[in-house]
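Chain by chain, the residues run as shown.
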Protein chains: 2
Amino acid sequence: MLVFERPSETAVASAVDALRKDFGERAVTSHSVREHHSHGEGMRDAGLPDVVVFPETNEEVASIVKLCNQARIPVIAFGTGTSLEGHLKALYGGVCIDLSRMNNILQVNAEDLDCRVQAGVTREQLNAEIRSTGLFFPIDPGANASLGGMSATRASGTNAVRYGTMKENILGLTVVTPDGRIIKTGTRARKSSAGYDLTRLYVGSEGTLGIITEIQLKLYGVPERISAAVCQFDELSNAVNVVITAMQLGIPMARIELLDEVQMDACIKYSKLEGFAAKPTLFMEFHGTDAYVAEQIEQMKSITADYGGSDYRFADKPEDRTKLWKARHDAYWAGMSYKPGNQAFATDSCVPISRLADCIAAAKAEIAKTSLTCMIVGHVGDGNFHVQISFNPDNAQEREQAETAAAQIARIAIGMGGTCTGEHGIGIHKLDALKEEHGEAVDVMRTIKKALDPNNIMNPGKTIPMN
Amino acid sequence: MLVFERPSETAVASAVDALRKDFGERAVTSHSVREHHSHGEGMRDAGLPDVVVFPETNEEVASIVKLCNQARIPVIAFGTGTSLEGHLKALYGGVCIDLSRMNNILQVNAEDLDCRVQAGVTREQLNAEIRSTGLFFPIDPGANASLGGMSATRASGTNAVRYGTMKENILGLTVVTPDGRIIKTGTRARKSSAGYDLTRLYVGSEGTLGIITEIQLKLYGVPERISAAVCQFDELSNAVNVVITAMQLGIPMARIELLDEVQMDACIKYSKLEGFAAKPTLFMEFHGTDAYVAEQIEQMKSITADYGGSDYRFADKPEDRTKLWKARHDAYWAGMSYKPGNQAFATDSCVPISRLADCIAAAKAEIAKTSLTCMIVGHVGDGNFHVQISFNPDNAQEREQAETAAAQIARIAIGMGGTCTGEHGIGIHKLDALKEEHGEAVDVMRTIKKALDPNNIMNPGKTIPMN
C-alpha cells in the first residue's frame with residue numbers, strides 16, 4: 001500500500017446505502033453539499049466526496065469509520081472548511097464526516113482553567129459561552145474555525161506569541177482510530193510523563209491518523225487590562241527589527257502582527273480603515289495588570305522610537321479593538337479582492353527571528369522576478385509570515401509563476417533553519433516541501449502512518465508523502 | 001514479538017568483541033562500571049548491562065545501534081543516572097550507551113534565544129557556559145541531569161509552572177533510530193505545522209524508540225529581577241489553597257513548591273536550615289522587571305495573609321537563593337536519610353489543581369493505613385506532587401506496603417482526572433498504572449513501538465506494556 005486507489009463504484013454505492021440507512025437525512029449526497037465539503041479557503045481544485053455524513057456522537061463517528069475501514073473507503077473530517085492547503089479535497093472520493101453537529105461544550109472547569117469540547121465547537125462559540133466565567137481561549141487563527149480542525153492542523157495565529165499554539169494548549173483528546181475504536185489521550189493534569197505523547201501526535205496530523213472528536217483545552221483568565229496599539233514605519237526592515245528587539249528583550253506581547261505597505265493598502269481599502277497610511281505597520285496587543293501593560297507599552301514605545309516608528313494609535317475600547325483585529329483578520333480577503341479579477345493565495349513560512357528580515361526580503365525578491373503582486377502579513381513575533389500572492393486564476397502562466405515562487409519561498413525558509421509551514425499545514429500542496437525539510441524523518445512519519453492506518457483510509461494523499 | 005528474551009551468550013560475546021574492536025577502551029565490561037550503569041536513583045534492583053560504550057559522535061551511536069539491531073541485543077541509553085523509575089535497569093542485559101562524552105554545546109543563537117547541545121550536556125553545564133550571553137535554560141528537575149535524559153523522560157521540575165516542561169522547550173532533535181539511521185526532527189523555527197510532531201513523540205519515550213543525541217533548546221533572558229521567598233503555614237490545606245488561588249488568578253510564579261511538615265523537618269535537619277519551623281511551607285520565586293516582581297509579591301502576600309501564612313522570608317541575593325533551592329533540591333536526599341537505616345522512594349502524581357488538596361489528603365490517608373512515614377514535596381503550581389515513602393529496605397513487608405501504597409496513590413490521582421506520573425515517567429514501575437490511565441490508547445502506543453522498533457531492542461521492557 002503506497003498510494004490510494006479510488007474504491008470501486010459498487011463498494012462506494014453499498015457504503016452510501018448503509019450510511020443512508022443508519023443516518024437518514026444526515027447522510028447527504030446532493031452535489032451542492034458535496035461541493036461545499038470538497039475544499040477549504042485555498043485553491044479550489046475541488047475533489048468531491050461521495051457522501052457527507054453529520055454524526056452527533058463519538059459512537060456514530062466510530063461506526064462510520066469502521067464501515068469505511070471494512071470497505072476500504074476514504075474518510076475525510078470536516079470542521080468549518082477554512083483550511084488552506086487542500087486538506088479537504090477528496091482526491092479519491094469517499095466519505096466526508098462533517099463534525100458541525102458535535103458542537104457541545106461538555107465541561108468547563110473554571111477553577112482548573114480547562115474545558116472539554118466536542119470537535120465541532122468553534123473558537124468564537126467557545127469564547128461566547130464561557131464569557132461569564134471570566135476565562136477565554138486565546139488561540140485565534142483568524143477564521144472562526146472549529147476546535148477540532150484547529151487541533152488537526154496544529155493551528156495558531158495572532159495570540160500564539162504569548163499563549164502558544166494548539167500544541168501547547170491541548171491537554172487531551174478523544175480520537176476515533178482508523179479501525180473505529182474510541183480512545184482518550186492525555187488527562188486533565190497540566191503535565192504528564194505517562195507513555196508516548198499521543199496527544200501531540202494527533203495534533204497536526206490533518207485527519208490522516210484518526211478523527212479528533214473531543215478536545216480538552218487550557219483556558220486563561222481574561223486579563224485585567226487589554227490594550228491594542230498600531231505603529232507605522234517608513235521601512236519594512238525597521239518594523240521587523242522592532243519585532244526582533246522586542247522578542248529578544250522578552251517583552252510578553254500578546255499579539256504583534258506585521259502588514260507591509262501593499263497589505264496595508266489592501267486592508268485600508270477592504271476594511272475602510274481611516275487615518276492610516278499604506279506603510280509597513282505593526283498591530284500590537286498587550287495583556288496584563290494595568291501597571292504591567294503600562295510598563296510593556298513604555299518599553300515598546302522606546303524600541304519603536306529607535307526605529308523611526310510613528311506615534312502609537314491606541315484601541316483600548318473593546319469595539320475599537322474588535323474593528324482593528326477584524327481588519328487584520330480580513331487581510332486574507334483584502335488580498336483576495338485587491339486586484340479585480342485576481343485571487344490570492346497565502347504561503348506560510350516560519351524562520352528563526354534573527355532571519356525574519358532576510359527571509360521576507362528574499363521572498364519579495366522572488367516575487368519581483370515575476371509580474372505578480374504580493375503582500376506580506378504575519379505573526380512576526382514567532383518569525384511566522386505569509387506572502388499573499390495575487391494572480392489571475394485564468395492565466396495559466398501566472399498561476400504557475402505563483403506556485404513556483406511559493407515553493408521557492410518555502411525552500412528559502414528551510415535554508416534559514418525554518419519551516420515550510422508555521423501554521424497552515426502540509427495538505428496536498430507542500431508534500432515536496434516536507435521532504436525537503438525533514439529528509440529521512442519523513443520515513444519515520446510514513447512508518448507511523450502505515451502502522452496506525454494500514455488501509456490508508458484516513459484522508460489519503462495528504463500530509464505524508466507515501467513514496 | 002511481545003516480550004524480549006535475553007540474547008544468547010554467543011551473540012552478546014560477539015557484539016562485545018566487535019564493540020571493543022571499534023571503541024577500544026571506550027567499550028567497558030568491568031563490573032563496577034556496569035553496576036554504576038545498571039540503575040538510577042530509585043530502587044536499586046540492578047540488572048547489569050553486558051558492556052558500556054562511550055561514543056563521541058552521532059555516527060558512533062548509529063554504528064552501535066546498527067550492530068545491536070543486527071544481533072538483536074538490547075540498547076539502553078544512559079545520561080547521568082538520575083532517573084527514578086528503573087529506566088536504566090538492563091532487564092535482558094545488552095549494551096548501555098553512555099552519552100557523557102557527547103557533552104558539547106554545538107551552537108548558541110543568542111539573538112534567537114535558542115541553542116543546540118549534544119545529549120550528554122548537563123543543565124548546569126549549559127547554564128554555566130551561556131552565562132555571559134544573559135540567557136538561561138530554566139528547566140530544573142533538581143538533579144544535574146543530562147539534557148538528553150531530561151528529553152527522554154519529558155522532565156520538568158521547579159520552573160515548569162512558568163516556563164513549561166521539556167516538551168514545550170525543545171525545538172528539535174537528532175535521533176538515532178533503531179535501525180541506525182540519524183534523523184533530525186523539528187527546525188529552529190518557533191512553531192511548525194510540517195507533518196507529524198516526531199519531536200514530541202521522542203520526548204518522553206524513555207529510550208524505547210531511538211536514542212536522542214542532540215537537542216535544539218529554547219533559552220530565556222535572565223530576568224531583571226529574581227526574588228525568592230518562603231512562607232509557612234499551620235495547616236497543609238491552607239498552603240495548598242494559596243497555590244490554587246494563585247494559579248486561578250494567573251499570577252506568573254516562576255516557582256511555587258510545597259513541603260509538608262515532615263518534609264520540612266527532614267530538610268531542616270539535612271540542609272541545616274535555620275529559623276524555619278517544621279511546618280507546611282511554600283518556597284516561591286518571582287521573575288520579571290523590578291516593578292512586575294514587586295506587583296506579584298504584593299498579590300501573593302495578600303493571598304497568603306488570607307490563609308494565615310507567616311511573614312515572608314526573602315532570599316534576593318544569589319547566594320541566599322542558591323542555599324534555599326539547594327535545600328529544596330536535596331529534599332529527596334533529606335527524605336532518604338530521615339530515618340536511620342531506612343530509604344525512601346518518591347511517587348509522582350499530578351492532578352487538576354482544584355483536586356490537589358483532596359489528592360494529597362487521600363495520599364496521606366493511604367500511608368496512614370501502614371506503619372510507614374511519608375513526606376510531601378511538590379511542584380504544586382502544576383498540581384504535581386511527590387509522596388516520599390520512608391521504609392526499611394530489609395523489611396519485605398514494609399517494602400510491599402510502600403509499593404502498594406504508591407500504586408494506590410497513582411490510582412487516586414487517575415481517578416481525579418490526573419496522571420500516574422507528572423515527570424518521573426513509567427520505566428518499569430508504572431506499567432500497570434499506564435494501562436489504568438490510558439486504557440485502549442496503550443494499544444496505539446504499542447503499535448507505534450512495534451512499527452518503529454520491530455526487533456524491540458530499544459530499552460526493552462520499559463515504558464509501554466507489551467502485552
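Residues numbered from 1 in each chain as written. Chains lettered and ligands numbered in written order. Predicted model: local features only at pLDDT ≥ 70, side-chain atom pairs only at ≥ 80, totals over all residues. Heavy atoms only, no water.

Q: Which residues make up unusual backbone geometry, and what values go with them?
A: Even without a glycine there, the phi angle at Glu206(A) is positive, about 55°. Along the chain, Glu206(A) falls in the loop between helix 8 (198–202) and strand 10 (211–218). The backbone of Lys272(B) sits at a positive phi, close to 50°, despite the residue not being glycine. Relative to the assigned elements, Lys272(B) resides in the loop between helix 10 (261–271) and strand 14 (281–288). The exposure class of Lys272(B) is exposed, given its relative accessible area of 61%. (Helix = DSSP H or I, 4+ residues; strand = E, 2+ residues; numbered from the N terminus. Buried < 20%, exposed > 50% of the residue type's maximum accessible area, 1.4 Å probe, protein only.)

Q: Could you give me a rundown of the packing of helix 1 (residues 9–23) of chain B against helix 3 (residues 58–71) of chain B, with the residues and numbers involved?
A: All names here are of chain B. Two elements in contact, helix 1 and helix 3, have axes whose closest approach is 10 Å; the angle formed by their N-to-C orientations is 160°. If you check the angle between helix 1 and helix 3, you find them roughly antiparallel. Crossing angle aside, the handedness with which helix 1 passes helix 3 is right-handed. Between helix 1 and helix 3, the residues in contact are Ala11, Ala15, Ala18, Leu19 and Phe23 and Glu60, Ser63, Ile64, Leu67 and Ala71, respectively. Of the residues in the contact of helix 1 with helix 3, the class split is 8 nonpolar, 1 polar and 1 charged. (Axes fitted to C-alpha atoms, helices over the stretch in contact; angles between N-to-C directions. Parallel < 35°, antiparallel > 145°, perpendicular 65-115°, else oblique. Left-handed = near helix turned anticlockwise from the far one by under 90°. Contact = heavy atoms within 4.5 Å. Nonpolar A, V, L, I, M, F, W, Y, C, P; charged D, E, K, R; others polar.)

Q: Explain helix 12 (residues 318–329) of chain A to me, using residue names and the numbers behind them.
A: With 12 residues, helix 12 of chain A should reach 16 Å at 1.5 Å per residue; the first-to-last C-alpha distance of 16 Å fits that figure. All buried positions along helix 12 of chain A are accounted for by Arg321(A), Leu324(A), Trp325(A), Ala327(A), Arg328(A) and His329(A). (Expected span 1.5 Å × (residues − 1).)

Q: Mind laying out the relation of the copies chain A and chain B, listing which residues take part and the relevant values?
A: When chain A is fitted to chain B, the residual RMSD is 0.0 Å, and the transformation amounts to a turn of 180° plus an axial shift of 0.0 Å. Such a combination of rotation and displacement between the chain copies is what one expects of a two-fold axis. Residue by residue, 99% of the interface of chain A is reproduced at the interface of chain B, so both copies engage with the same surface. (Least-squares fit on C-alpha atoms with pLDDT ≥ 70 in both.)

Q: I'd like a description of the interface of chain A and chain B, backed by residues and values.
A: Taken together, the contact pairs 78 residues of chain A with 77 residues of chain B. A combined buried area of about 6000 Å² lies between chain A and chain B, and 59% of that area is made up of carbon and sulfur atoms. When residues of chain A are sorted by the area they lose upon contact with chain B, Lys191(A), Ser193(A) and Tyr196(A) head the list and together hold 16% of the total. Our enumeration of links across chain A and chain B arrives at 8 salt bridges. Ionic pairing is found between Arg181(B) and Glu440(A), a salt bridge with its closest N-O pair at 3.0 Å. Along the contact surface separating chain A from chain B lie 38 residue pairs in polar contact (both at pLDDT 80 or more). Where the side of chain A that touches chain B is concerned, the elements lending two or more residues are helix 7 (166–169), strand 9 (182–186), helix 8, helix 9 (236–248), helix 11 (290–306), helix 16 (431–438) and helix 17 (441–452) of chain A. Sort the elements by how many residues they give to the side of chain A that touches chain B and helix 17 of chain A lands first, with 9 residues. (Buried area = accessible area lost by both parts, 1.4 Å probe. Salt bridge = Lys/Arg side-chain N within 4 Å of Asp/Glu carboxyl O. Polar contact = N/O pair within 3.5 Å; in protein donor to acceptor, adjacent residues only side chain to side chain.)

Everything listed is a geometric property; what it means functionally is a separate question.
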